[in-house]
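# Summary of the model geometry
The primary structure of each chain is shown beneath.
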Amino acid sequence: MIRQLLMEGPVGHMWHPFDLDSVQNGKDLLEFFVGKEGKPGLPEQYINEFTPSIKIDGINGPIRLVVNNSGDKEFAIDRMSRASIDVEGVTADRLKERFEKAVLQALDTDEVLEIPLHKLVAMGIPMDKLNIGTNLTIIHRKKKKPVIIKRITSGHGFVNDGTVALTVLNNALSSKPQEMETVLRILDMWNNPNVCLNNDIVHESSKPDGQVGSVKYGEDFIAFHGLNEIYNPEGKTTRKTREISINDQQKAALNELVKIINETNTVEGFRALSPFDTVAMKGEVDIDYTGVLGTIIEIKLDSQTSTSQALSAWLGDSNIVKPSYSSRYTFSDGKVRSSFSKANYIALIPDQGEQQYSIRELLSEETHPDLDDDMYYDFASGAIFYHATRLLGRAVLQTLVNKSKVGNEALTSHEGIVMRSKDLFGIDKPIKITGDFIRDGMGSNLALAMAKKPEAVNESTELQDSVEGELGDEPEEQTVVTTTGTRTVAVMPGSFKPPHRGHLLMAEHLSGIADEVLIFISAPKGSKRLLPFSGTEITYEKAIELWNLLLKGASGNIKVVESSSPSSSPIMALAELMKPAEERQNYQDVDFYAEEYSKFYLSMSEKEKNDSGSMRRFSFYEEMENVEIKLVPAFGHDPEYAQSIAQLISTSSDIIERISDDVQAKALELAKGLVSARGQKRLPANPSVQDYISVLSKANQMKVAKFMKSTPSGLDKNNFSATDLRLLLDLKKVYNLPVDSLLKDFVGQNLEDYLRIIFGSGEVRESITVIQDMVRLILAEQLDETSTMASGAVSGHMGGSKPEPNRDEDEDDVSEAKYHPSELPQQPGLSTMTVRVIPSSRHKSDGISDAGYKKSNSNRFKIDSSYTNKRAPYYDKDDIITDLVEKVLHNIIRSN
C-alpha cells in the first residue's frame, strides 16, 4: 500500500482534464468524468484502483544539499533564478540576504530606491555594512550613485518559512548523521546538489491572517512530494526543474526521511508529511453527476442576446470545442489576452451575487466591432470548460475522505486531488481534479480587475490554469524606485495611419504644457489600414517614418516612440511604461522610468469628448491621481482648403463621376464580405448595396457608409481627417486628380518625400507619362520585330511559316485582355470588360470570307465608336496601331 501511495506525489506539471489530447470538445470532457458505453469515468476508475494525493497549496521552494563555506553539508533553498546566491544555494543564514531589501535615499537626487540585499552584496558591499544610516556608492542604471540606507525591510514569508523548513532538516542531519547520509545517498542527494526535494511549506502560525495561500489548513507542516532535478535547457542559460521518476527504494527512503525529521524536530507545532500522509481515500458514497449536469448556465453575447441551457446541453453542443490558448483578442482595457482564461470564465459565469459580463463588455469595440457566432462560441467554450471542470470535479471530491485529516477534513475546501496513470490517461503526468479552487484561487473580483486594472493580474497566470508553472528561470528581484520626480510628460496615442499636420499641431500644443511629448502608434495584429483604391497599406513602420518627416523643424521635446514590441492599443502604452521594463508585455526596449515624472498627461482631441466610446477607452486611468486626461483643441484646415475642393469638383466632374461609380461597386463588394451567415439568410434574391447594408451590424453599416463617402464631395472642408488623407493620396495615385494643394494642407511642403514613404517610390508618375513611355518602348520593340521579320522572309522556312507547337488546329486566333481603356487606371476589385482582338479573315488560312466572319460574330461583338471607326473587333494586315493598343493594354495590366 505504501509503495502504491508513494507513487502518487504531486510533482511536476499538473494538468486539468481538458489539457489532455483526448479531450477536444465538450462531449470528450463529459466522457472523461461520466464515462461511456457502460464504463465509469476516468476519475472513478482511478479511485477504484489507486489512492490519489491531496494537492497542497503552500510555498514551494526546492530544497537541496550543498557544501557551505565551512566545508560542511547543509540544506539550502533554491528559488531557481540565475542570481549567484540561488546557484550557490540559499542556506538558513542567507535567507534575509536573498529575500529582504534595502530602502535607499539617493544623495544627488530625491529618488528613494528599494534594492534586494543580495544585489548589494553582489556589488561588493558586505552584509555587515548594510545598516541604517550607512552611506554607500552603488551602481544604478549603469551609473555610480551615492546613497544612504534609510531602512531594511523585514517579514518576507520565505525568510520565516524557509528558516523553519531548513531548521528541521538540518536538525535531522546533525542529530542522526549516519541515518540521514544513508537516506540521502539513496535519494542521490548526498553528492549531487542538482537533485532537490519537491515540497510545500505551510506555516500559518507566522502569518497575520493565519493563512498562506487560498486554502486554510489550521496547522503548520512541510509536505514532501518527491524529487526534482535542476537542469539548463539546451541552448539556454535559464535554470529549470523537472521531475525524477523514483524507484521503490527511493520511495521508501523518502518516507524514512520524514520519519527522521519528525523524531528530531525541535519546532513546536510543526510536522513533516510524506506522500503517504497527504492522500484521499475512497469514501462510502458513489460519485453522482446528475444534479451538476442539470445546472442551468447562461452566457451573454451582448445586452440583447444570450443562451441559457443545462450543463449537459452545453457539453453536448457540437460548437463547444476546446479553445486554443493562442487565440488572442483585444479586451476593453486594451490588453491582448486569450479567450481561454479563468478571468473570462468568472466574468461570463459569475457566482451568485457577482456581476455578470457579456462578451461585448469584455472586448474592445474598436478592435472587434462585430461579434460573430464563432467568436461567441470561442468564449463560451472556454467558460464552459472551466465551469464544467469545477462542478464535475466538486462532485468527485465530495465522495473522498481526507485520510490523515490534513487541514480541513472536507476535500472540497482543498485545492484538489492529483492522479497519475499512464494506462488510464495516456500520459505520465499528474492530472488534477479541482472543485471550487479552480476559480477561488484567483479571487472573486478578478473579472473587474481584468476589465479595468490589467496591472493587477499577471498575464502569465492565464496559462497556469492548464500547465502548473514549475519553478525555474525565476526573474531576479528588481530595483524599485519608490519616489516620483518633478518632470511632466504628455502621451499622445493613436493609430496615425497616416499622421498629418493636424496631429503635429496637437503635439506642438502639448509641447507647451509638458516637459516631454511621447507619440505612441498602434500596431494592431491582424487588422490593416489600407488606402481605399490602391490597397496600399499604412504600416507601423511607415507611420513612424512619416511622423519623423513631419517633425522636421518641430519642437525638440516631441518624440516618436519606436519599439520592436509596440502595443496594439496605444492608449495602454502609458500603463505599460509605468511598469519596470522586465514586467512589460510591450515596449520592453523603451528606456523610460515612470518614477522620474510627477504628472502624466494622456491626450485626446476635444472633438472626441462627446464620444462615449472614445472616453471609455481612457477609463482605465480614472483612479490614477498622477494621470490627467488632457483635451487638445481640434485644429482645422486653412481657409483655402475648402476653395481647392470646390475647384477640384468643378473642373474634374467626369473623373469624379467615374470615381462615384467605382465607389458604389467596391462598396457592394465590401458589404458582401461583411455579411454574417445569419445575415445572408435575410437577403433577397438579387441584393443591392442597400440590401446588404440593412443586414449588417451597426458597426459594419458605419464602415460601409464611411467608405461610400470616398469621393471628393465627401471631404471634410474644416477638420483634419486621416480618412480624408488616405482618400486624397489615392485620388492622386490611382485617378491622377490634381490634389497636390489639398495634400500639402495635410502634410506640408515635403509632399514628394511623404508620397515616397507611402508608395515606396521617389515620385507618383502621371498616368499619361506612364503610357507615353510604354508606347515608346513597344514602338521600339515593334521596329525590331519588323526588321527581324524582313530578314526572316528571305532566310526562313521554305514551306511557309513554322507551325506553333501544341496548338489546337480548331482554336480561333483570339487574344484577350480583361480591361477596357475607359477603366484605366484600374481599380482593384471592380468588374471588368473583355477586349477581344480578332484578325481579319483575309489572313485566315482556311479561306472563309470576311463576310462569313462578320455574320457569325454579329451578335457577339459591338463597335465602340469612341475608339475606332473600323469594323471592331477586326483589324487589317499590318495594322500596327491596333496591335499597339493591345500591347499597351497588356503592359498597363501588368504594371497595375
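Calculation rules
- Residues numbered from 1 in each chain as written.
- Predicted model: local features only at pLDDT ≥ 70, side-chain atom pairs only at ≥ 80, totals over all residues.
- Heavy atoms only, no water.
- Helix = DSSP H or I, 4+ residues; strand = E, 2+ residues; numbered from the N terminus.
- Buried < 20%, exposed > 50% of the residue type's maximum accessible area, 1.4 Å probe, protein only.
- Contact = heavy atoms within 4.5 Å.
- Areas by Shrake-Rupley, 256 points an atom, 1.4 Å probe, with all protein chains shown as cover.
- Axes fitted to C-alpha atoms, helices over the stretch in contact; angles between N-to-C directions.
- Left-handed = near helix turned anticlockwise from the far one by under 90°.
- Nonpolar A, V, L, I, M, F, W, Y, C, P; charged D, E, K, R; others polar.
- Pairing = 2+ DSSP bridges.
- Parallel < 35°, antiparallel > 145°, perpendicular 65-115°, else oblique.
- Core = buried A, V, L, I, M, F, W, Y, C linked by side-chain atoms within 4.5 Å.
- Polar contact = N/O pair within 3.5 Å; in protein donor to acceptor, adjacent residues only side chain to side chain.
- Expected span 1.5 Å × (residues − 1).

### Brief notes about the overall build of the chain
Within the chain one finds 33 helices and 28 strands. Counting across all 896 residues of the chain, residues that qualify as buried make up 48%. Of the contacts formed within the chain by residues at least 6 apart in sequence, a portion of 69% connects residues at least 24 apart. Here the chain displays about 43,500 Å² of accessible surface, and carbon together with sulfur accounts for 48% of that area.

### Looking at the packing of helix 8 (residues 177-186) against helix 9 (residues 248-264)
Interhelical geometry of helix 8 versus helix 9 gives an angle of 145° and a closest axis separation of 9 Å. By crossing handedness, the relation of helix 8 to helix 9 is classed as left-handed. Taken together, the residues of helix 9 that come into contact with helix 8 (itself represented by Glu 179, Met 180, Val 183 and Ile 186) are Gln 249, Gln 250, Ala 253, Glu 256, Leu 257 and Ile 260. For the contact of helix 8 with helix 9, the class distribution of residues is 6 nonpolar, 2 polar and 2 charged.

### Some details on the pairing of strand 5 (residues 112-116)
Within strand 5, 5 of the 5 residues are buried, which leaves the element mostly enclosed by the surrounding structure. A two-sided burial pattern is seen for strand 5, the buried positions comprising Val 112, Glu 114 and Pro 116 on one face and Leu 113 and Ile 115 on the other. For strand 4 (residues 101-106) and strand 5, the ladder comprises 5 bridges, and the chain directions are antiparallel. Counted as the bridge partner of Gln 105 is Val 112 from strand 5. Here strand 4 folds back onto strand 5, and the loop between the two strands holds 5 residues. For strand 5 and strand 20 (residues 480-481), the ladder comprises 2 bridges, and the chain directions are antiparallel. Bridge pairing in strand 20 places Leu 113 opposite Val 481.

### As for the environment of Gly 226
By the secondary structure assignment, Gly 226 is in strand 9 (residues 220-231). Judged by its relative accessible area of 4%, Gly 226 falls in the buried class. Along the primary structure Gly 226 and Asn 199 are separated by 27 residues, whereas in three dimensions their C-alpha atoms are 7.5 Å apart.

### Considering the sheet that holds strand 6 (residues 135-140)
Hydrogen bonds between backbone atoms are what pair the strands of a sheet, whose relative direction is either parallel or antiparallel. Strand order in this open sheet of 5 strands is 6-7-4-5-20, and the pairing throughout is antiparallel. Whereas interior strands pair on both sides, the edge strands pair on one side only; in this sheet they are strand 6 and strand 20. Pairing of strand 6 with strand 7 (residues 143-152) involves 6 bridges; the strand directions are antiparallel. Residue Thr 137 lies in a different strand from strand 7, and its bridge partner there is Pro 146.

### Points about the packing of helix 7 (residues 157-175) against helix 9
When two helices pack together, their arrangement is given by the angle between the helix axes and the distance between those axes. At a minimum axis distance of 9 Å, the contact between helix 7 and helix 9 shows a crossing angle of 90°. It follows that helix 7 is roughly perpendicular to helix 9 by the angle criterion. Seen from helix 7, the contacting residues are Val 168, Leu 169, Asn 171, Ala 172 and Ser 175; seen from helix 9, they are Leu 257, Ile 260, Ile 261 and Thr 264. Taken together, the residues of the contact of helix 7 with helix 9 break down into 6 nonpolar, 3 polar and no charged.

### Considering the nonpolar core
Grouped together as the largest cluster of nonpolar side chains are 70 residues, with contacts concentrated most on Ile 299, Leu 311, Ile 384 and Phe 425. The element contributing the most residues to this core is helix 14 (residues 373-397), with 14 residues. Apart from the residues lying within four places of it in its own chain, the contact partners of Leu 311 are Val 292, Leu 293, Thr 295, Ile 297, Ile 384, Ala 388 and Leu 391. Core analysis: the second largest hydrophobic core is formed by 43 residues, Leu 648, Ile 693, Leu 751 and Ile 758 among them.

### Let's talk about the side chain of Asn 586
When you line up the elements, Asn 586 lands in the loop between helix 21 (573-577) and strand 24 (597-605). Within the structure, Asn 586 has its side chain in polar contact with the backbone oxygen of Ser 565 (distance 3.4 Å). A polar atom in the side chain of Asn 586 sits 3.2 Å from the backbone oxygen of Pro 566. Not counting chain neighbours up to four residues away, the residues in contact with Asn 586 comprise Ser 565, Pro 566, Ser 567 and Glu 576.

### Re helix 9
A rise of 1.5 Å per residue sets the reference length of helix 9, with its 17 residues, at 24 Å; its end C-alpha atoms lie 25 Å apart and thus fit the reference within 8%. Taken together, the buried positions of helix 9 are occupied by Gln 250, Lys 251, Ala 253, Leu 254, Leu 257, Val 258, Ile 260, Ile 261 and Thr 264. Of the residues flanking the start of helix 9, the one acting as N-cap is Asn 247, its side-chain oxygen 3.2 Å from the backbone nitrogen of Gln 249.

### Regarding the sheet that holds strand 1 (residues 53-54)
The sheet built from 3 strands is open, its strands ordered 1-18-19 with antiparallel pairing. A single partner strand is all that each edge strand has here, and the edge strands are strand 1 and strand 19 (431-433). Note that strand 18 (residues 417-419) and strand 19 share 3 bridges and pair antiparallel. Considered in strand 19, the bridge of Val 418 is made with Lys 432.

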